[in-house]
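Inside the fold
The residues making up each chain are set out below.
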Amino acid sequence: MGRLKSLKAQISHDVFRLFGAYILGVTSISMLLAIYGIFFYQQGEFKHYKALIATRLSSEISASFRQANDLAHSTEVWTGLTDSVGRGSYLLPLLEKANQNKHYKFDLLDYLGRFFIHSGNTAGLLLDMPDNIQKTIEDNQTHLELVTIDKIDYLAVSVPVTANFTESTIGLILLHLDLDKIMASLNFPDDLQVNYSLSPFVESSSDLSKHSEAFSFEWRDADKDYAIHIQLQQGYFSAFLFVMTGLAVSMVSGGLLFLGLRRWTQLFSERTTHRLDALVQLASDTVQGRGDESFVDNNGDEIAKVSNALQSMLQKQRLATQKQAIFSRVFETAAEAILITNKQGLVVDVNAALTDMTGYAKEELINHHAGRLYIQGDKSVDLPIIAETVRKKGSWRGETYFLSKQQTLLPVLLSVSTLLDAHGQSQGHVSVFSDIRAIREAEKKLQDLLNEDQLTGLPNYRGFLEYIQQKVDGGCFAMLFIDLDNFKNINDTFGHDQGDEVIRQIAQHLKATLPEGNFLCRRSGDEFIAVLDVHEPIAAFQAKLKLIFKPAVFNVNHMGTVHITATFSAGAALFPDHSQSIHELLIYADTALLSAKESGRNQIKWLNAQMMAATSRKTKVDGKLAVAIREGRIFPHYQPEVDLVTGKIIGFEALARWHDEELGMVSPAEFIPLAEQSGAIDPLTESLFTQVVKDSHAIRAHFPNATIALNSSPQLLSGKRLLTMLSHLASELENGLDGFVLEITETDFALSPQELASQLQAVMGLGVRIAIDDFGKSYSSLSRLASMPIQKLKIDMSFTAGMEREENIKIISGILALAQSLHLEVTAEGVETQFQQDTLIQLGCQQAQGYFFSKPLKLQDLLALPNHLTAKAVAVA
């Protein structure tokens, strides 16, 4: 009992001392961490609040300022401000549409700052003319003011409304943003206070119960910087209360733990007595060899050591018996084949999985050499290599082949390990085999799926690349790019499901009709690639293929069976005659296919020297284009536009010209599409526009009142890049872009009628007139044409060149009548003969340009021209 009391007293003393240190340490650390946590937590929260406020204000202010500027520059607004009749009928709906946002509203004031149209906006009516309105009236600039109405903070912004007929303010757009409502949408805590000021807040440390931070929110609009100073304040009380609550919970938990410890000390003596009794019983069982239950005493004291020693004596024999039974069961039921050999390499034992895999009976392998299973030919790792690795490292793992009783090779994953005795000496080896035939079959199926087109069952482009890499080591072959003509019409008419069915039938048709031994793959969509061996003269081979590519009939289900007659276009290139590079051969075949399409489709085109030269030239032009733009080698030439009756030069069209030392003259038809494809159209256009604006000073000095026309790619209308470019140029000129004409083609109308009209109105606001170039060449809606803000039509030169035909003269007459009804100017392009000039005059056309008057000229040659041109003058020029 004295020993038990001693153990109890020792544990109680140590536990209570540890618990006291724990309570003191945890409480101190908790208080310290709480204080620092409150501070850094609020700092992090304030950073988050500021980021949310800045993001939300940026969105709301950006949107509201943009809308305010749109209203300030709206023709409806300044027209209403200057019109005394019926203005409410269109201004009120305009304001109602603008005031849809719940966070900001607009009002329209007259030039004295008085409400011009009452929009029903209550907050706006309560504003008592903030100072910013008077400032805007005085300096014609946008100003801000913070006002409070019924304890709600507003940001009042006054934006001047100007018109192009006066420099003074004709009215104001009054924007007021509800800052409190914007903040409320962020769902900040109730005790977070947000203050606003247009001047910086003065820092003060007098109130230690609050955390306060101020920051400046800045933005830029119309080249002017604005800022609002925002102050955030939040008290520490809620965080402190939370910490104190946690501390109280910790103290209560400590008290409960103390009561538990008292209970534990009472039970300790009882548990120890029980352990001693169990130890006595275990000693008795050990002597008598009884007992089949086992346990481990993990207490670590003297009782545990004696108990575990006795347990070990009982367990060794029992574990040995159990292991033998378990290993025997695992050995026989394992899914992997297991082979055990002795030091001489003779089979000691095999399991059922090995006999099932190889077809051998167990008796046929026991005491025989294991090498009969490893005979592999040349398909795997040699046996000496496996044996040497096992000898040096004690194990080997890898893929190899088994040989079944039927002499069939079985792919397996083999793991060989050395069996060691207690002294580390080798007693033989154990080999474990996993049958991986299913894995190999799955890999083959996966490889087939990766290389197969799921729609047609043909190889896909990936399969083609694997095939062609092996094919280049063979003889001569032809590579064909095959495309179904007008496949889009089939999809649009019968649907994509029937379009897929046509693709399947095409694949079967091509596979059946192409020469025997062909390789056919589906590249994408309705495009196929064929590789055909050439075993005969090229001319005979080409004639044979020409007979193959004839119209074919396919069936689709569309309200019954429908027969579709389809034609093919194909482009072909030869290996190795045209190229020994697969990459180049693909390009050449694609080039030949493009030539077949451009030549009317329904034919096969073979790559020729002209195509190769064109492809080579296109590659060189593409490679030199960026350098030519950067170094200013592409420059404008100017073709005069004349009055047909008087011969007076009334304007010029700027045309891009590029001369390269290697390529010679490069036509715009060559480099403009490449610039559009590569994204170089923006710097190219900007470079040309800049040169034209620079040249315009000398041109206007010699030819007063002459207009200068600029051409633009339709791509620049996307994202308003053209408008931005012209606005930048206008800002650098004293009179803006007055006297310039922007020529756009009819194809531009197909982009977006609303967006196009909006952009053209904005371009006209810079002083630029709008003309439709190549009119009549493409389709355009006459109703849409009438609604577009244009001033001029330029008749396409194809009509001028064909004036010998009566139908072209009728078309020109129709265009002139249309232009007259719409009050548009008309210029005929491509005038090259006296007959064309005389006929145009008879038809009533007054303006023209073409080589009959002058070719496009450099600036210095242009300045040498007289003010009036005739055919004779042109010959001299």
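Above this text sits the structure in question.
Just so we're clear, the structure is a prediction, and the values are computed from it rather than from any experiment. (Residues numbered from 1 in each chain as written. Predicted model: local features only at pLDDT ≥ 70, side-chain atom pairs only at ≥ 80, totals over all residues. Heavy atoms only, no water.)

Considering the sheet that holds strand β4 (residues 152-163)
Note the threshold: By definition, two strands form a pair when at least two bridges between them are found by DSSP. Runs of E in the DSSP output that reach at least two residues are strands. Runs of H or I that reach at least four are helices, and both are numbered from the N terminus. Axis definition: a line fitted to C-alpha atoms, over the contacting stretch in the case of helices. Angles run 0 to 180 degrees between N-to-C directions.
With antiparallel pairing, 5 strands are arranged side by side in an open sheet as β2-β1-β5-β4-β3. Of all strands in the sheet, those with a lone pairing partner are β2 (115-117) and β3 (143-149), marking the two edges. This sheet shows a mean twist of 40 degrees between the axes of neighbouring strands, independent of strand direction. Taken together, the 2 bridges between strand β1 (residues 104-110) and β2 define a ladder with antiparallel strand orientation.

Here's the deal with the pairing of strand β21 (residues 634-643)
To keep it simple, the criterion reads: Exposed residues in this analysis have more than 50% of their type's maximum accessible area, buried residues have under 20%, and partly exposed residues fall in between, with area computed by a 1.4 Å probe over protein chains only.
Of all 10 residues in β21, 8 are buried; the element is thus mostly enclosed. Direction of pairing for β21 relative to strand β22 (residues 649-660): antiparallel, over a ladder of 9 bridges. Pairing of H637 across the sheet is with L655, part of β22. With antiparallel pairing between neighbouring strands as the criterion, β21 and β22 make up a hairpin whose turn holds 5 residues, including G647 at a positive phi of roughly 80 degrees. Relative to strand β29 (residues 847-848), β21 runs antiparallel, the two being bridged by 2 bridges. Paired with D643 across the bridge in β29 is Q847.

Observations regarding helix α2 (residues 75-82)
Quick note on the threshold: The directions from the helix axis to the C-beta atoms form the arc being described.
Taken as a whole, α2 has its buried residues at V77, W78, G80 and L81. The arc that holds every buried residue of α2, seen down its axis, measures 155 degrees, which confines them to one face.

Brief notes about the pattern of salt bridges
Spelled out, the test is: Salt bridge criterion: a side-chain nitrogen from Lys or Arg within 4 Å of a carboxyl oxygen from Asp or Glu.
Scanning all chains against the criterion turns up 19 salt bridges. K624 serves as the salt-bridge partner of D660, at 3.7 Å between the closest nitrogen and oxygen. Here D660, found in strand β22, pairs with K624, found in helix α18 (residues 609-630); they are 36 residues apart in sequence, far enough to count as distant. Here R769 ties to E825 by a salt bridge, and the two come within 2.6 Å at their closest N and O atoms. Residue R769 is located in strand β26 (residues 769-775), and its partner E825 is located in strand β28 (residues 825-828); the two are separated by 56 residues in the primary sequence. Residue class for E825 comes out partly exposed when judged on its relative accessible area of 31%. Sharing partners across several salt bridges, the network here consists of K620, K624, D660 and E662.

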